[in-house]
Amino acid sequence: MSANPVRALSRLTGAGGLGRPALLSAVSVILLGLLAPSWSVATLILIYAMAALGCNLLLGYTGLLSVGQSVYFGLGGYLAAITATRWGLQLSSALIVSAVLCAVVAAFIGAFAIRRLGIYFVMITFAFAETAHFLAFVFQDYTGGENGLGGVPAASFGGFGQSFFIAKPGPTFFYMAAVLFVLLFVVLQRFVDSPVGAVLVAIRENESRAEAMGYSIKAYKLLVFMVSGAVTGIAGCLYVFFVGSASVAAIESDMAITIVIITVLGGIRSLYGSFLGAVVYVALDTYLSDLWPYWQMLLGIALIGIVLFFKGGIHGVVLAFFNLVRHLLSRRSSDPADHPNEGASVDVSR
Amino acid sequence: MSAVDVTYEAPVILAAESLSKWFGSFGALDSVDLSVTRGSLHAVIGPNGAGKTTLFNVLTGQLRPSSGRVLFNGEPIEKLPVHRRAHLGMARSFQITSAYPELPVRENVRLAAQAVDCKVRRSVLRAAGHYEEPLAVTRDVLQKSGLSGFAETQAGNLSHGLSRRLEIAMALASRPQLLLLDEPLSGMGVDDIAGMEKFLRSLVPEHTVLLVEHNMPVTLAIADRITVLESGKVLTEGSPREVADNAQVREAYLGRGHV
Amino acid sequence: MSSDLLLAQLINGVGTGLIYFLLAVGLTLIFGVRDFVNFAHGAFFVLGALLSWTLLEHGMSFWIALVVAPLVIGLAGFVMEPLLIRRFYNVDPAFQIVGTIGLTLVIQEVATMIWGPANRSTQPPKSLQGLVDLGVVSYPTYRLFIMGVAVVVGIALWWLIERSRFGASLRAGAEDRDMASCLGVNTGMLFAITFAIGVGLAALGGVLAAPTRGLNTGSSSEVLGIAFVIIVVGGMGSFLGAFVGALVIGVAQSLTITFAPAYGSVVIYIAMIVVLLVKSDGLFGKVTRVR
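Let me sum up the structure you'll find in this document.

The rules we used
Residues numbered from 1 in each chain as written. Chains lettered and ligands numbered in written order. Predicted model: local features only at pLDDT ≥ 70, side-chain atom pairs only at ≥ 80, totals over all residues. Helix = DSSP H or I, 4+ residues; strand = E, 2+ residues; numbered from the N terminus. Rg over C-alpha atoms; globule rule 2.2 N^0.38 Å. Buried ≥ 20, exposed ≤ 12 C-beta atoms within 10 Å, placed from the backbone. Contact = placed C-beta atoms within 7 Å. Nonpolar A, V, L, I, M, F, W, Y, C, P; charged D, E, K, R; others polar. Pairing = 2+ DSSP bridges. Axes fitted to C-alpha atoms, helices over the stretch in contact; angles between N-to-C directions. Parallel < 35°, antiparallel > 145°, perpendicular 65-115°, else oblique. Left-handed = near helix turned anticlockwise from the far one by under 90°. Expected span 1.5 Å × (residues − 1).

## A word on the overall build of chain B
Right, so step 1: Secondary structure summary: chain B contains nine helices and ten strands in total.
Right, so step 2: Here chain B has a C-alpha radius of gyration of 19 Å; the compact-globule value for 259 residues is 18 Å, and the two agree.
Right, so step 3: For chain B, the spread of C-alpha atoms along the principal axes amounts to about 65 × 40 × 35 Å.
Right, so step 4: The burial tally for chain B puts 47% of its 259 residues in the buried class.
Right, so step 5: When contacts within chain B are restricted to residue pairs at least 6 apart in sequence, those whose partners lie at least 24 apart make up 68%.

## Comments concerning the interface of chain A and chain B
Right, so step 1: Taken together, the contact pairs 25 residues of chain A with 30 residues of chain B.
Right, so step 2: Contributions of two or more residues to the side of chain A that touches chain B are made by helix H8 (171-193), helix H9 (195-205) and helix H10 (207-213) of chain A.
Right, so step 3: The element contributing the most residues to the side of chain A that touches chain B is H9(A), with six residues.
Right, so step 4: The class makeup of the residues in the side of chain A that touches chain B is 13 nonpolar, seven polar and five charged.

## Re the interface of chain C and chain A
Right, so step 1: Between chain C and chain A, the residue contacts involve 30 residues of the former and 29 residues of the latter.
Right, so step 2: Elements with a contribution of two residues or more to the side of chain C that touches chain A: helix H4 (93-115), helix H9 (220-234) and helix H11 (267-278) of chain C.
Right, so step 3: The residue inventory of the side of chain C that touches chain A, partitioned by class, reads 22 nonpolar, six polar and two charged.

## A few points about the sheet that holds strand E2 (residues 26-37) of chain B
Residues and elements named next belong to chain B.
Right, so step 1: Strand order across the open sheet formed by four strands is E2-E1-E4-E5, with antiparallel pairing between neighbours. Taken across any chain shown, the strands that pair with only one partner, and hence form the sheet edges, are E2 and strand E5 (75-76).
Right, so step 2: As paired strands, strand E4 (residues 67-72) and E5 are joined by two bridges and run antiparallel to one another. Each bridged residue has a counterpart across the sheet, and for phenylalanine 72 the counterpart in E5 is glutamate 75.

## Some details on the packing of helix H4 (residues 70-87) of chain A against helix H11 (residues 217-243) of chain A
Residue and element names in this part refer to chain A.
Right, so step 1: Two elements in contact, H4 and H11, have axes separated by 6 Å at closest approach and are oriented at 50°. Accordingly, the angle class assigned to the pair H4 and H11 is oblique. In the packing of H4 onto H11, the handedness of the crossing is right-handed. Counting all contacts with H4, which are made through Tyr72, Phe73, Gly74, Leu75, Gly76, Gly77, Leu79, Ala80 and Ala81, the residues of H11 involved are Gly229, Thr232, Gly233, Ile234, Ala235, Gly236, Cys237, Tyr239, Val240 and Phe241.
Right, so step 2: For the contact of H4 with H11, the per-class residue count stands at twelve nonpolar, seven polar and no charged.

## What about the environment of Leu59(A)?
Right, so step 1: With respect to the element layout, Leu59(A) can be found in helix H3 (residues 39-61).
Right, so step 2: Looking at Leu59(A), the number of C-beta atoms within 10 Å reads 25, which means it is buried.
Right, so step 3: Put simply, Leu59(A) and Ala177(A) are 118 residues apart on the chain and 24 Å apart in space, counted from C-alpha to C-alpha.
Right, so step 4: Here Leu59(A) is in contact with Leu64(A), Leu65(A), Thr263(A), Ile268(A) and Ala94(C), once residues within four sequence places are set aside.

## Focus: H9(C)
Helical geometry: 3.6 residues make up each α-helical turn, so side chains three or four residues apart lie on a common side.
All names here are of chain C.
Right, so step 1: With 15 residues, H9 should reach 21 Å at 1.5 Å per residue; the first-to-last C-alpha distance of 21 Å fits that figure.
Right, so step 2: Extensive coverage of H9 is indicated by the burial of 13 of its 15 residues.
Right, so step 3: At the C-terminal side of H9, glycine 235 shows a positive phi close to 105°.

## Structural notes on the sheet that holds strand E7 (residues 178-182) of chain B
Residue and element names in this part refer to chain B.
Right, so step 1: The mixed open sheet is built from six strands, whose spatial order is E6-E7-E8-E3-E9-E10. This sheet does not close on itself; its edge strands, each paired only once, are strand E6 (90-92) and strand E10 (233-238). Sheet twist, expressed as the average angle between the axes of neighbouring strands with direction ignored, equals 15°.
Right, so step 2: Bridge analysis of E7 against strand E8 (residues 208-212) gives five bridges, and the strand direction is parallel. Bridging from a neighbouring strand, leucine 178 pairs with threonine 208 of E8.
Right, so step 3: Together, strand E3 (41-45), E6, E7, E8 and strand E9 (225-230) form the strand contacts of helix H1 (residues 52-60), whose direction differs from that of E7 by roughly 145°.

Written out as structure tokens, the structure reads:
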């Protein structure tokens, strides 16, 4: 392509470019680091956001509801603990192991689930979540059963037997998680903006049309299922390094429901929604639960409200608010050219 | 890999041999034979309940026949999964517009063009807009369909007539040899029909067109050959003139006593 | 392994299956009529149990509570349907699930506010305590009672759906809403009643189950899992499917607990996966709804 720097810059910063998601996620993590009341809250938010990103790829972009993401969150965690304690693997390798193995497991589960539609798909993901929970007890030697696996060493980066960066829980871990999050966010945004991402949306909106056009529905669904598993697995891996131990709670179906709640709460039509959902959920869980033990009721009401009225979740509400402000501001100016059509133009790259 | 990679150009591009389809004890199709010549515009008509939709669904792969074969360029395809057909060179449109209403017209067509581009449709490394080939095909198709001026319009905001054109444009985007059109004129108003007639006629002989239709005057005007179905069987087949003069056809449509 | 023991376990399995049927039939009824996936179903089961506990604590007789609690919950459902549930019908199934998860959270928290988080269990009435000698094996009277209730309810429901005018309207409404409405069926009332019956049945299951095990406000997800497995196995929307599916799952679980107790809780999910492999819409799936 042309070496024109102006064109390159506009490609970078325009829709589909890497500039916007990089900027958005970078600014978000910086603000998070500055405003969050503790490093551990901030880190937890990032971890949950990553888990929700995996769920969002399936639900928001492909229209598939998986209440079984706990399989990968838990598996990624167990893999982290096992590889770190038994083989002394560093975080970078643990992440890769988690991602790859979770993708493989997702392929297996996906082979069962993908062929069904609607509620049957959901139930299969749920059934496998319960089965995975059960298996965690069957393989107690590896998972530590009820007690889990403790003694996970601090996350380190390096190679060839050397570690040149150690991230202990605290600011260094957060910085590391932040970098990881930005990378993941940019990569996934590119995935969503890519031709494959466009096909996923086409499948969600009208599966038979997509099929008639020539897309193999099964292949694409399986692909996104595997990517989603890998991403949630990465989140689970990071979580175990963060907490220092792997527990069976991560692989319970309640975790899967929590991930779905975060995903929907934040907004399923945009990747950034997953970040927002994590922020709100962790904030509520950390602060509201002390004040009012029945805070989950608010969560329930929020979910009902989102499903019925604000399908775009928190992200949708924020976006609508900004659009409203923009609309009002431009009405103030003498230019009557503001068309009601404005909000309707669709950015495919979202 | 484009769809027009054909080395064997048979004169009969699509053939149905003794196609039958049973739903329980109901015979929707009974030993239907069909032969579509390359480069022609072939219409399938018949009164309600004649089996046109069933035949169409078997030809496009939505249904498997109970017996019989469907041959595309001589190759049996009746068991071929739906998503493989666009790659062979068969593309279909839908009777009820199935474009993506929230996407612009350009993106609708681009998605269809991308589907048969093996390199692009697997790509996760670049944004969709980066790839020039599907965009070029899109521009070309939009121009041929008369939709260039509406490229950025949301498909859901198109008038009915234009959305029927979009249906066909999406089928064209896969560069097919054969277009299977399901009631392309359905619901169209008088103003749009003339334009659509011209558009459909412009598709041959570069493509072959098989269409199912209810609109008799237009079908008689544009078709090269017409197959008439009644109660799941082929009543007759011939040129428009032959079919129009056929007493049995009139009887099938209007009932006895009207001939 | 003696055949007596095997027989006892089979009876147990059938008994469990019948209780599961009671759980699941309300869910499949609601789905069959309106394609509505009610993930809050388990919450109504728990509500029924907790309400019966309160009634019994206040001195009400078991027999009266058995009728009153489900009626109250059913009434609540009857009111809830037009106010809230109706709005979910046109929503994507995935969203229906998420929305009803939200509803479950709300119900759970309200229940915890009222009853607290502790386990509650009740006692079966004196007349139903003890064992019955079936010749081959002695079986708890109360469990036989539950089985009896389930059978009676099953027959009553079957009669209601297949033989009564209400059932005819119901099946018509399930087939073609608009047409039924044109024919004079008050579809709004129909759906409200159906939902009321559905959650009332769930509550009945809760009332009956309360004496056999402790229940707390967190039990709803366990119950929900079982109910959904059954209707998926049986075929969503199929009445017969709920019955057969429940028996299959009940027996499978009972036998598994005998031979491999550790797998007792997971076998239902494995069974579901296996059934779906063989028949992708469940045993009686896709036949019709509400049959």
